[in-house]
Amino acid sequence: MVHPTLAEGIPLAVYEGMAAGLAVVGTDVDGTPEVVRHEQTGLLVQPKDVPALSAAILRMLANPAEAKAWGDAARKLMATDYSIAHATGQLEAYYARMAALRRR
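The present account deals with the structure reproduced in this document.

Rules used in this analysis
- Residues numbered from 1 in each chain as written.
- Predicted model: local features only at pLDDT ≥ 70, side-chain atom pairs only at ≥ 80, totals over all residues.
- Heavy atoms only, no water.
- Helix = DSSP H or I, 4+ residues; strand = E, 2+ residues; numbered from the N terminus.
- Buried < 20%, exposed > 50% of the residue type's maximum accessible area, 1.4 Å probe, protein only.
- Contact = heavy atoms within 4.5 Å.
- Salt bridge = Lys/Arg side-chain N within 4 Å of Asp/Glu carboxyl O.
- Pairing = 2+ DSSP bridges.
- Axes fitted to C-alpha atoms, helices over the stretch in contact; angles between N-to-C directions.
- Parallel < 35°, antiparallel > 145°, perpendicular 65-115°, else oblique.
- Nonpolar A, V, L, I, M, F, W, Y, C, P; charged D, E, K, R; others polar.
- Patch = residues over 30% accessible without salt bridge, like charges linked within 9 Å, V, L, I, M, F, W, Y side chains within 5 Å.
- Areas by Shrake-Rupley, 256 points an atom, 1.4 Å probe, with all protein chains shown as cover.

Side note on the side chain of Thr32
Then step 1. Relative to the assigned elements, Thr32 resides in helix α2 (residues 32-35).
Then step 2. By relative accessible area, which is 0% here, Thr32 ends up buried.
Then step 3. Once residues within four sequence positions are removed from consideration, Thr32 is found in contact with Thr5, Glu8, Pro11, Thr27 and Leu44.

A closer look at the pattern of salt bridges
Then step 1. All told, the structure shown has three salt bridges when counted by the stated rule.
Then step 2. Here Glu39 makes a salt bridge to Arg59, at a shortest N to O gap of 2.8 Å. Within this pair, whereas Glu39 is found in the loop between α2 and β3 (42-45), its partner Arg59 is found in helix α3 (residues 50-62), the two being separated by 20 residues in sequence.
Then step 3. Residue classification places Glu39 among the partly exposed residues on the basis of a relative accessible area of 40%.
Then step 4. By relative accessible area, Arg59 is classed as partly exposed at 28%.
Then step 5. In this structure, the salt-bridge partner of Arg59 is Glu66, at a minimum N-O distance of 3.2 Å.
Then step 6. Among the residues examined, Glu66 registers a relative accessible area of 26% and is labelled partly exposed.
Then step 7. Here the residues in one salt-bridge network are Glu39, Arg59 and Glu66, joined through shared partners.

Focus on the sheet that holds strand β1 (residues 2-3)
Sheet strands associate in pairs through backbone hydrogen bonding, adopting either a parallel or an antiparallel arrangement.
Then step 1. What the three strands build is an open sheet, ordered β1-β2-β3; its pairing is parallel. Looking at strand neighbours, the two that pair on one side only are β1 and β3, the edges of this open sheet.
Then step 2. Relative to β3, α3 is tilted by about 170 degrees, and along the sheet it contacts β1, β2 (24-27) and β3.

Re the packing of α3 against helix α4 (residues 64-80)
Then step 1. At a closest axis distance of 5 Å, the pairing of α3 and α4 adopts a crossing angle of 100 degrees. With respect to each other, α3 and α4 are oriented roughly perpendicular. For the pair formed by α3 and α4, the contact residues are Arg59, Met60, Leu61 and Ala62 on the first element and Pro64, Glu66, Ala67 and Trp70 on the second.
Then step 2. Broken down by class, the residue content of the contact of α3 with α4 amounts to six nonpolar, no polar and two charged.

Points about a nonpolar patch on the surface
Then step 1. A cluster of nonpolar residues, Leu91, Tyr94, Tyr95, Met98 and Leu101, forms a patch on the protein surface that exposes about 490 Å² of accessible area.
Then step 2. Among the secondary structure elements, Leu91 is positioned in helix α5 (residues 84-103).
Then step 3. For Leu91, a relative accessible area of 44% translates into the label partly exposed.

By themselves these figures say nothing about function.
Now the structure itself:
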């Protein structure tokens, strides 16, 4: 998956692609590096760096085993750190902390 955005707070399309097991070539902006971990779940390039973007895409195409491994890691990351169960648990813990502070 290629996501060459210039600004992206929460890159939902990237999350969806990663959940589907796709390695991502993305730009190193805003929320993208939180999930696209360079050479772990994909490749990051600087925004507006067309030669670097092209090279990253070509690297993925030339190395399908590497891209598959990163895609597998991306799917695993989404299934653990970004699952509904994980997000719900974090939200419940936050509410519990806020309730405890209010009781003080």
